[in-house]
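Coordinates in review
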Amino acid sequence: MPPLTPPDSRPLTGIALASVGYCLFAIQDAAVKWLVASYEVPQILFLRSVVILVVGMAIAWRQGQPPIWQSRNKWALTSRGLLLLVAWLSFYNASRYLGLADLTTMYFGAPVMAVVLSILILKEKVSVARWLAVIAGFLGVIVAADPSGRPDFLPAAMVLFAAFCWAWGTVLIRLINRSESTANQMIATSGLFVLVCGAALPFIWKTPDAMGWGLMLGLGLVSGIAQYLLYEGYRYAPASALAPVEYTGLVWAFIYGYLLWQDVPKPHVFAGAALIVAASLGLVWWEARAARLRTA
């Protein structure tokens, strides 16, 4: 199949789309954190994925995309879906045992892993500016989260494994985007989630109350929109350029935490958030300057 869009065509567009996507992903995380106290993770993922599957099929139908079974990327789509499924199961099960500071700090190692994997898998040339943005963002996460104590080994290993799977999955988005539509990627991933998590439902199902139904269905809608924006972002910008943008999700998490639970961040949290935002804005400035130079 010919490429749908030229790679690296509009990095600023990709950064903007990914930024909004990560904002919505932060809403998703808040909803899941709320739900996981009462429901099992496979049940939450199942209902979430059913909604995303419907959204993806509607987008594919509206855009006139060929059906998923005609894709030449079946193995790549399946592999990426499995990576994301393992990442979700590992991260949200580990969240039962780890404090938010340790959990957040370890998981946000994913952007650094994504930059390294983009070099090994996609053969991308990562500029000094992108490396600096990634490192600065990760330092901001450490300052903001202020981890203390030594976490249990197994939950910590689960979070790091989830971060690695997520990083690998984001790199594969860039690879698959060269010849596959965003809608088909959503259908493939969510369809796999529905099949695997659906098999566990007879053993773990708990009928949700009205609020539970609303949160789970709303979770699917928000997640579907976030996925679409993120996938489209990776169509326009290289993985190494979007990796630092993922850190903005932590800033949104602070904002939602205050709005939902009136959590007031401590001074070190504001300092870390400022460093994260500065890294992302610095990257945007660098990409805009590079685009002007290319045009000239």
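Rules of the game
Residues numbered from 1 in each chain as written. Predicted model: local features only at pLDDT ≥ 70, side-chain atom pairs only at ≥ 80, totals over all residues. Heavy atoms only, no water. Helix = DSSP H or I, 4+ residues; strand = E, 2+ residues; numbered from the N terminus. Buried < 20%, exposed > 50% of the residue type's maximum accessible area, 1.4 Å probe, protein only. Contact = heavy atoms within 4.5 Å. Areas by Shrake-Rupley, 256 points an atom, 1.4 Å probe, with all protein chains shown as cover. pLDDT = per-residue confidence, 0-100. Phe/Tyr/Trp six-rings, centres within 6.5 Å; stacked < 30°, edge-to-face > 60°. Lys NZ or Arg CZ within 6 Å of the ring centre and 35° of its normal. Patch = residues over 30% accessible without salt bridge, like charges linked within 9 Å, V, L, I, M, F, W, Y side chains within 5 Å. Salt bridge = Lys/Arg side-chain N within 4 Å of Asp/Glu carboxyl O. Core = buried A, V, L, I, M, F, W, Y, C linked by side-chain atoms within 4.5 Å.

1. Details of the overall build of the protein chain
Secondary structure summary: the protein chain contains twelve helices and zero strands in total. When the elements of the protein chain are put in sequence order from the N terminus, they spell out α-α-α-α-α-α-α-α-α-α-α-α. A burial count over the protein chain gives 51% of its 296 residues as buried. Counting only contacts in the protein chain whose residues sit at least 6 apart along the sequence, the fraction spanning at least 24 positions is 91%. Element-wise, carbon and sulfur atoms account for 72% of the exposed surface of the protein chain, whose accessible area totals about 14,100 Å².

2. Structural notes on the confidence of the model for the protein chain
Mean pLDDT for the protein chain: 78, with 82% of residues reaching 70 or above. The low-confidence segment residues 1-8, where pLDDT is below 50, has 18 contacts with residues more than four positions distant or belonging to other chains.

3. Let's talk about the packing of aromatic side chains
For any pair of aromatic rings, the description consists of the separation of the ring centres together with the inter-plane angle of the planes. Using the criterion set out here, one finds six aromatic pairs in the structure. Between Phe91 and Tyr92 the ring centres are 5.0 Å apart and the planes differ by 85°, which places this aromatic pair in the edge-to-face class. Across this residue pair, the class does not change: Phe91 and Tyr92 are buried. Cation over ring: Arg48 sits above Trp88, and NZ or CZ is 4.2 Å from the ring centre. Seen from the ring of Tyr39, Lys206 lies directly overhead, with NZ or CZ sitting 5.3 Å from the centre.

4. Here we look at a nonpolar patch on the surface
Together, Val86, Val116, Ile119, Leu120, Ile121, Phe161, Phe164, Trp168 and Leu175 give the surface a local cluster of nonpolar side chains, amounting to about 700 Å² of exposed area. Counting only elements with at least two residues in the nonpolar patch, the list comes to helix H5 (110-121) and helix H7 (153-176). Residue Leu175 is classed as partly exposed on the basis of its relative accessible area of 35%.

5. Observations concerning the nonpolar core
In this structure, Tyr22, Ile44, Leu45, Tyr107, Trp166 and Leu230 are the most contacted members of the largest nonpolar core, which totals 73 residues. It is H7 that provides the largest number of residues to this core, a total of eleven residues. Beyond its immediate chain neighbours, meaning those up to four positions away, Tyr107 contacts Phe91, Val159, Ala162, Ala163, Trp166 and Glu246.

6. A few points about the environment of Lys33
Considering the arrangement of structural elements, one finds Lys33 in helix H1 (residues 11-35). Remark: the alpha-carbon pair of Lys33 and Ser95, spanning 62 residues in sequence, is separated by 8.2 Å.

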